[in-house]
Amino acid sequence: MILSVTDIITPETLATCRAQLEAADWVDGKASAGHQGALVKNNEQLPAEHPVAVEVGNVLLQALSQNPMFMSAALPLNILPPMFNRYAGGQTFGTHVDGSIRTIPGTGQRLRTDLSCTFFFSEPDEYDGGELIIEDTYGSKSVKLPAGQMVLYPSTSLHRVTPVTRGTRLCSFFWLQSMIRSDQQRSTLFDLDVAIQRFGKEMATHPSVVQLTGVYHNLLRQWAEM
Ligand SMILES: O=C(O)CCC(=O)C(=O)O
Ligand SMILES: [Fe+2]
(Lines give C-alpha, C1' and ligand atoms only; values in the text may rest on other atoms or scores of the structure.)
(Ligands and ions follow the chains in the order given, each with its own letter.)
Protein backbone atom coordinates (compact mmCIF):
# COMPACT_ATOMS: atom_id res chain seq x y z
CA MET A 1 0.00 0.00 0.00
CA ILE A 2 1.22 3.51 -0.87
CA LEU A 3 -0.51 6.12 1.27
CA SER A 4 -0.34 9.91 1.73
CA VAL A 5 -0.63 11.08 5.32
CA THR A 6 -1.98 14.60 5.93
CA ASP A 7 -2.53 16.94 8.91
CA ILE A 8 0.70 15.98 10.66
CA ILE A 9 1.97 19.36 11.92
CA THR A 10 0.51 22.88 11.87
CA PRO A 11 1.62 25.33 9.15
CA GLU A 12 3.41 27.35 11.89
CA THR A 13 5.42 24.33 13.07
CA LEU A 14 6.17 23.43 9.46
CA ALA A 15 7.56 26.93 8.82
CA THR A 16 9.68 26.89 12.00
CA CYS A 17 11.14 23.47 11.20
CA ARG A 18 11.87 24.45 7.63
CA ALA A 19 13.68 27.64 8.70
CA GLN A 20 15.83 25.61 11.14
CA LEU A 21 16.66 23.06 8.42
CA GLU A 22 17.53 25.73 5.85
CA ALA A 23 19.99 27.40 8.25
CA ALA A 24 21.81 24.12 9.06
CA ASP A 25 25.08 22.79 7.56
CA TRP A 26 24.49 19.99 5.05
CA VAL A 27 26.88 17.24 3.90
CA ASP A 28 27.13 14.84 0.94
CA GLY A 29 24.35 12.24 1.19
CA LYS A 30 26.61 9.39 -0.01
CA ALA A 31 28.02 9.18 3.54
CA SER A 32 25.03 7.15 4.77
CA ALA A 33 24.28 5.07 1.66
CA GLY A 34 24.87 1.33 1.22
CA HIS A 35 27.19 -0.02 -1.53
CA GLN A 36 24.62 -0.03 -4.31
CA GLY A 37 22.86 3.14 -3.06
CA ALA A 38 26.10 5.16 -3.04
CA LEU A 39 26.51 4.56 -6.78
CA VAL A 40 23.19 6.20 -7.63
CA LYS A 41 22.75 8.68 -4.76
CA ASN A 42 23.48 12.35 -5.40
CA ASN A 43 21.97 14.62 -2.76
CA GLU A 44 22.76 16.32 0.52
CA GLN A 45 21.81 15.29 4.03
CA LEU A 46 21.99 16.56 7.55
CA PRO A 47 24.32 14.43 9.68
CA ALA A 48 22.13 12.18 11.89
CA GLU A 49 23.56 13.69 15.09
CA HIS A 50 23.08 17.32 13.97
CA PRO A 51 21.06 19.12 16.71
CA VAL A 52 18.55 20.41 14.13
CA ALA A 53 18.03 16.87 12.77
CA VAL A 54 17.44 15.60 16.30
CA GLU A 55 15.06 18.45 17.22
CA VAL A 56 12.97 18.47 14.04
CA GLY A 57 13.01 14.66 13.98
CA ASN A 58 11.48 14.60 17.46
CA VAL A 59 8.80 17.11 16.40
CA LEU A 60 7.84 14.79 13.52
CA LEU A 61 7.84 11.63 15.64
CA GLN A 62 5.76 13.27 18.37
CA ALA A 63 3.25 14.56 15.78
CA LEU A 64 3.04 11.19 14.02
CA SER A 65 2.34 9.38 17.28
CA GLN A 66 -0.82 11.54 17.54
CA ASN A 67 -1.86 11.04 13.91
CA PRO A 68 -4.65 8.41 13.64
CA MET A 69 -4.14 7.74 9.93
CA PHE A 70 -0.39 7.14 10.32
CA MET A 71 -0.83 4.94 13.41
CA SER A 72 -3.55 2.86 11.76
CA ALA A 73 -1.72 2.45 8.44
CA ALA A 74 1.77 1.81 9.84
CA LEU A 75 1.06 0.05 13.14
CA PRO A 76 4.63 0.98 14.10
CA LEU A 77 6.73 -1.14 16.42
CA ASN A 78 9.95 0.92 16.17
CA ILE A 79 10.75 4.01 14.15
CA LEU A 80 14.27 5.12 13.20
CA PRO A 81 15.10 8.78 13.95
CA PRO A 82 14.02 10.85 10.93
CA MET A 83 16.80 11.95 8.58
CA PHE A 84 16.77 14.96 6.25
CA ASN A 85 17.79 15.36 2.61
CA ARG A 86 17.74 17.97 -0.11
CA TYR A 87 18.21 17.93 -3.85
CA ALA A 88 19.04 20.90 -6.14
CA GLY A 89 20.98 21.64 -9.36
CA GLY A 90 20.05 18.38 -11.10
CA GLN A 91 20.65 16.14 -8.08
CA THR A 92 18.85 12.81 -8.11
CA PHE A 93 18.69 9.41 -6.43
CA GLY A 94 18.65 6.52 -8.92
CA THR A 95 16.68 3.29 -8.64
CA HIS A 96 17.45 1.35 -5.47
CA VAL A 97 15.88 -0.69 -2.72
CA ASP A 98 16.36 0.42 0.89
CA GLY A 99 18.55 -1.75 3.11
CA SER A 100 16.46 -4.37 4.91
CA ILE A 101 18.05 -4.12 8.35
CA ARG A 102 19.23 -0.94 10.08
CA THR A 103 20.67 -0.33 13.53
CA ILE A 104 18.88 2.12 15.82
CA PRO A 105 21.59 4.71 16.66
CA GLY A 106 22.85 4.64 20.22
CA THR A 107 21.13 1.37 21.12
CA GLY A 108 22.68 -1.26 18.82
CA GLN A 109 19.15 -2.63 18.43
CA ARG A 110 18.30 -3.80 14.92
CA LEU A 111 15.18 -2.85 13.03
CA ARG A 112 13.67 -4.49 9.94
CA THR A 113 12.59 -1.81 7.47
CA ASP A 114 8.96 -2.58 6.57
CA LEU A 115 7.85 0.93 5.60
CA SER A 116 9.73 3.86 4.10
CA CYS A 117 8.53 7.43 4.65
CA THR A 118 9.19 10.74 2.88
CA PHE A 119 7.84 13.91 4.51
CA PHE A 120 7.86 16.98 2.24
CA PHE A 121 9.02 20.42 3.50
CA SER A 122 8.98 22.09 0.04
CA GLU A 123 5.87 22.93 -1.94
CA PRO A 124 5.63 21.14 -5.35
CA ASP A 125 5.72 24.44 -7.28
CA GLU A 126 9.03 25.45 -5.66
CA TYR A 127 10.99 22.91 -7.70
CA ASP A 128 10.91 21.01 -11.00
CA GLY A 129 11.49 17.27 -10.99
CA GLY A 130 12.06 15.60 -7.63
CA GLU A 131 9.23 13.11 -8.08
CA LEU A 132 9.55 10.02 -5.91
CA ILE A 133 8.82 7.15 -8.30
CA ILE A 134 7.78 3.99 -6.46
CA GLU A 135 7.48 0.68 -8.28
CA ASP A 136 4.54 -1.08 -6.71
CA THR A 137 3.00 -4.47 -7.49
CA TYR A 138 0.58 -2.71 -9.86
CA GLY A 139 3.09 -0.50 -11.70
CA SER A 140 4.94 2.67 -10.80
CA LYS A 141 3.52 5.63 -8.95
CA SER A 142 4.88 9.18 -9.03
CA VAL A 143 4.67 11.05 -5.73
CA LYS A 144 5.18 14.80 -5.20
CA LEU A 145 3.19 16.01 -2.22
CA PRO A 146 2.34 19.43 -0.75
CA ALA A 147 4.59 20.62 2.07
CA GLY A 148 3.52 19.05 5.37
CA GLN A 149 2.37 15.76 3.85
CA MET A 150 4.13 12.43 3.96
CA VAL A 151 4.10 9.30 1.80
CA LEU A 152 4.31 5.85 3.35
CA TYR A 153 5.38 3.00 1.04
CA PRO A 154 6.62 -0.59 1.40
CA SER A 155 10.40 -0.73 1.85
CA THR A 156 10.40 -3.72 -0.51
CA SER A 157 9.68 -1.38 -3.47
CA LEU A 158 12.31 -0.26 -5.94
CA HIS A 159 12.18 3.54 -5.98
CA ARG A 160 14.02 6.64 -7.22
CA VAL A 161 13.93 10.43 -7.07
CA THR A 162 14.00 12.18 -10.47
CA PRO A 163 16.54 15.01 -11.01
CA VAL A 164 15.63 18.35 -9.41
CA THR A 165 16.27 20.77 -12.27
CA ARG A 166 14.94 23.98 -10.63
CA GLY A 167 14.69 25.04 -6.99
CA THR A 168 15.29 22.81 -3.97
CA ARG A 169 13.43 19.75 -2.70
CA LEU A 170 13.73 19.52 1.09
CA CYS A 171 12.39 16.41 2.80
CA SER A 172 12.64 14.14 5.78
CA PHE A 173 12.97 10.41 5.17
CA PHE A 174 12.96 7.51 7.58
CA TRP A 175 12.04 3.89 8.10
CA LEU A 176 10.00 1.87 10.52
CA GLN A 177 9.36 -1.69 11.56
CA SER A 178 5.68 -2.45 11.77
CA MET A 179 4.00 -4.83 14.20
CA ILE A 180 2.59 -6.35 10.99
CA ARG A 181 5.35 -7.55 8.68
CA SER A 182 3.14 -8.36 5.69
CA ASP A 183 2.05 -5.42 3.57
CA GLN A 184 -1.11 -7.32 2.59
CA GLN A 185 -2.13 -8.05 6.18
CA ARG A 186 -1.34 -4.47 7.23
CA SER A 187 -3.45 -3.10 4.35
CA THR A 188 -6.33 -5.39 5.30
CA LEU A 189 -6.24 -4.14 8.91
CA PHE A 190 -6.11 -0.53 7.71
CA ASP A 191 -9.14 -1.04 5.42
CA LEU A 192 -11.06 -2.66 8.26
CA ASP A 193 -10.17 0.13 10.68
CA VAL A 194 -11.17 2.83 8.17
CA ALA A 195 -14.48 1.04 7.52
CA ILE A 196 -15.22 0.78 11.26
CA GLN A 197 -14.31 4.46 11.88
CA ARG A 198 -16.73 5.47 9.07
CA PHE A 199 -19.68 4.33 11.19
CA GLY A 200 -18.98 7.33 13.43
CA LYS A 201 -19.44 7.92 17.15
CA GLU A 202 -23.23 7.54 17.15
CA MET A 203 -22.95 3.97 15.82
CA ALA A 204 -20.01 2.96 18.06
CA THR A 205 -22.14 0.74 20.32
CA HIS A 206 -24.13 -0.93 17.53
CA PRO A 207 -23.67 -4.73 17.91
CA SER A 208 -22.25 -5.07 14.38
CA VAL A 209 -19.69 -2.32 15.00
CA VAL A 210 -18.70 -3.97 18.29
CA GLN A 211 -18.35 -7.31 16.50
CA LEU A 212 -16.28 -5.84 13.66
CA THR A 213 -14.03 -4.12 16.23
CA GLY A 214 -13.57 -7.54 17.81
CA VAL A 215 -12.59 -8.99 14.43
CA TYR A 216 -10.04 -6.17 13.99
CA HIS A 217 -8.42 -6.84 17.35
CA ASN A 218 -8.47 -10.59 16.93
CA LEU A 219 -6.70 -10.34 13.56
CA LEU A 220 -4.18 -7.93 15.11
CA ARG A 221 -3.68 -10.36 18.00
CA GLN A 222 -3.01 -13.22 15.54
CA TRP A 223 -0.66 -11.30 13.25
CA ALA A 224 1.19 -8.79 15.45
CA GLU A 225 4.79 -9.40 16.44
CA MET A 226 6.49 -7.41 19.19
O1 LIG B 1 14.21 11.57 -1.02
C2 LIG B 1 13.36 10.69 -0.98
O3 LIG B 1 12.14 10.90 -1.12
C4 LIG B 1 13.75 9.23 -0.81
C5 LIG B 1 15.14 9.03 -0.31
C6 LIG B 1 15.51 7.59 -0.39
O7 LIG B 1 14.97 6.82 -1.15
C8 LIG B 1 16.55 7.06 0.50
O9 LIG B 1 17.25 7.85 1.17
O10 LIG B 1 16.71 5.83 0.55
FE1 LIG C 1 15.34 4.83 -0.62
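If you're wondering where the values come from, they're calculated on a predicted model, not measured in any experiment.

**Some remarks on the site of ligand 1**
Phase 1: Around ligand 1, the structure places Asn85, Tyr87, Phe93, His96, Asp98, Thr118, Leu132, His159, Val161, Arg169, Phe173 and Trp175.
Phase 2: The side chain of Thr118 places a nitrogen or oxygen atom 2.9 Å from an oxygen atom of ligand 1.
Phase 3: In the complex, 96% of the free accessible area of ligand 1, which totals 300 Å², lies under the protein chains.
Phase 4: In this structure the site holding ligand 1 corresponds to the largest pocket.
Phase 5: Of all elements in the fold, only strand S6 (83-88), strand S7 (92-96), strand S14 (158-161) and strand S15 (168-178) reach the threshold of two or more residues within the shell around ligand 1.
Phase 6: A total of 3 residues in the shell around ligand 1 trace back to one element, the largest contributor, which is S15.
Phase 7: Class assignment for the residues of the shell around ligand 1 results in 6 nonpolar, 4 polar and 2 charged.

**What about the layout of surface pockets?**
Phase 1: In this model, the largest pocket occupies a volume close to 400 Å³.
Phase 2: What lines the largest pocket is a set of 28 residues, and nearest its centre among them are Phe93, His96, Asp98, His159 and Trp175.
Phase 3: Elements with a minimum of two residues in the lining of the largest pocket: helix H2 (35-40), S6, S7, strand S10 (115-120), S14 and S15.
Phase 4: For the lining of the largest pocket, the element with the highest residue contribution is S15, accounting for 4 residues.
Phase 5: Its residues placed into classes, the lining of the largest pocket shows 12 nonpolar, 12 polar and 4 charged.
Phase 6: Roughly 300 Å³ of volume is contained in the second largest pocket.
Phase 7: Residue lining of the second largest pocket: 14 residues in total, with Ala48, Pro81, Pro82, Met83 and Pro105 positioned closest to the centre.
Phase 8: Those elements giving two or more residues to the lining of the second largest pocket turn out to be helix H3 (51-65) and strand S8 (101-103).

**Here's the deal with the sheet that holds strand S12 (residues 139-143)**
Phase 1: Strand order in the open sheet made by the 5 strands is S3-S7-S14-S11-S12, with antiparallel pairing throughout. Because the sheet does not close on itself, it has two edges, and the strands there are strand S3 (41-42) and S12.
Phase 2: Bridge analysis of S7 against S14 gives 2 bridges, and the strand direction is antiparallel. What sits directly across from Phe93, in S14, is Val161.

**Overview of the UniProt feature "domain: Fe2OG dioxygenase" (unreviewed entry) in the protein chain**
Phase 1: With numbering matched to this structure, UniProt assigns "domain: Fe2OG dioxygenase" (unreviewed entry) to residues 78-178.
Phase 2: End C-alpha to end C-alpha, residues 78-178 measures 7 Å, and it is 0% helix and 54% strand.

**Quick look at the packing of helix H5 (residues 183-198) against helix H6 (residues 207-223)**
Phase 1: Where H5 contacts H6, the two axes come as close as 10 Å, and the packing angle between them is 160°. Classified by the interaxial angle, the pair formed by H5 and H6 is roughly antiparallel. When you trace H5 past H6, the crossing you get is left-handed. Taken together, the residues of H6 that come into contact with H5 (itself represented by Gln185, Leu189, Leu192, Asp193 and Ile196) are Val209, Leu212, Thr213, Val215, Tyr216, Leu219, Leu220 and Trp223.
Phase 2: Considering only residue class, the contact of H5 with H6 consists of 10 nonpolar, 2 polar and 1 charged.

**Points about the packing of helix H1 (residues 11-22) against H3**
Phase 1: Running from N to C, H1 and H3 cross one another at 165°; their axes reach a closest spacing of 10 Å. Comparing the axis directions of H1 and H3 gives the class roughly antiparallel. Two packed elements cross with a definite hand, and for H1 against H3 that hand is left-handed. Packed against H1, whose contacting residues are Thr13, Cys17, Gln20 and Leu21, the element H3 presents Val52, Glu55, Val56 and Val59 at the interface.
Phase 2: Counted by class, the contact of H1 with H3 contains 5 nonpolar, 2 polar and 1 charged residues.

Rules used throughout
Residues numbered from 1 in each chain as written. Chains lettered and ligands numbered in written order. Predicted model: local features only at pLDDT ≥ 70, side-chain atom pairs only at ≥ 80, totals over all residues. Heavy atoms only, no water. Near = heavy atom within 4 Å. Polar contact = N/O pair within 3.5 Å; in protein donor to acceptor, adjacent residues only side chain to side chain. Areas by Shrake-Rupley, 256 points an atom, 1.4 Å probe, with all protein chains shown as cover. 1 Å grid on protein atoms, 1.4 Å probe; cavity = no way out; pocket = protein on both sides within 12 Å on 5 of 7 lines; lining within 4 Å. Sits in = over half its atoms within 2 Å of the grid points. Helix = DSSP H or I, 4+ residues; strand = E, 2+ residues; numbered from the N terminus. Nonpolar A, V, L, I, M, F, W, Y, C, P; charged D, E, K, R; others polar. Points joined across faces, edges and corners; volume = space filled by probe spheres on them. Pairing = 2+ DSSP bridges. UniProt positions renumbered as here; feature names shortened; annotations may be inferred. Axes fitted to C-alpha atoms, helices over the stretch in contact; angles between N-to-C directions. Parallel < 35°, antiparallel > 145°, perpendicular 65-115°, else oblique. Left-handed = near helix turned anticlockwise from the far one by under 90°. Contact = heavy atoms within 4.5 Å.

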